[in-house]
Amino acid sequence: MKRLWVCCAILAVMLVMASSWVYYLKKSSERLSLMIDEAEQLAEQRSPKAAEAIGELCSYWDSFASTAAFFESSATLMSISDSAAKLEYLYAKDNDEFFSECEVIRSGADRIFRSNLPFLPNR
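The structure presented is a predicted model; accordingly, all values stated were derived computationally and were not measured.

**Q** Help me get a handle on the overall build of the protein, residues and values and all.
**A** When helices and strands are tallied, the protein shows four helices and zero strands. Start at the N end of the protein and walk to the C end: the helices and strands fall as α-α-α-α. Projected onto its principal axes, the C-alpha coordinates of the protein cover approximately 65 × 30 × 20 Å. When the 123 residues of the protein are sorted by exposure, 32% land in the buried category.

Printed below as a string of structure tokens:
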């Protein structure tokens, strides 16, 4: 009977950990999306605060990527990190590709969140 309780406890811990990971990914993805929206809005207005917002966005992505590296493939994270690294340069050069790189980051973070949802894919 002790084995049954130990198995149930292990299963409960696994479910709690999986649920908290999905919750963390959802909140992180939403926060990243809000930071991207703010950076895009400030960049369109050519506000002096835009460079600071882009720096915060890149810093947040770096911390998120280091946590997500435990569960995600490095290829996925590296492609998004490459886009994040380009943001400051593209903004400084007033290049329109800044906005497309923002969308790459946003869709990549959303893809990471959706790939960790525990549902069977629709075929």
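**Q** Explain the packing of helix α2 (residues 50–68) against helix α3 (residues 74–92) to me, using residue names and the numbers behind them.
**A** One can describe the packing of α2 onto α3 by two numbers: an axis separation of 10 Å at closest approach and a directional angle of 165°. In terms of orientation, α2 lies roughly antiparallel with respect to α3. Handedness of the crossing formed by α2 with α3: left-handed. For the pair formed by α2 and α3, the contact residues are Ala-50, Ala-51, Ile-54, Gly-55, Leu-57, Cys-58, Trp-61, Ala-65 and Ala-68 on the first element and Leu-77, Ile-80, Ser-81, Ala-84, Leu-87, Glu-88 and Tyr-91 on the second. Partitioning the contact of α2 with α3 into residue classes produces 13 nonpolar, two polar and one charged.

Quick notes on the rules
Residues numbered from 1 in each chain as written. Predicted model: local features only at pLDDT ≥ 70, side-chain atom pairs only at ≥ 80, totals over all residues. Heavy atoms only, no water. Helix = DSSP H or I, 4+ residues; strand = E, 2+ residues; numbered from the N terminus. Buried < 20%, exposed > 50% of the residue type's maximum accessible area, 1.4 Å probe, protein only. Axes fitted to C-alpha atoms, helices over the stretch in contact; angles between N-to-C directions. Parallel < 35°, antiparallel > 145°, perpendicular 65-115°, else oblique. Left-handed = near helix turned anticlockwise from the far one by under 90°. Contact = heavy atoms within 4.5 Å. Nonpolar A, V, L, I, M, F, W, Y, C, P; charged D, E, K, R; others polar.

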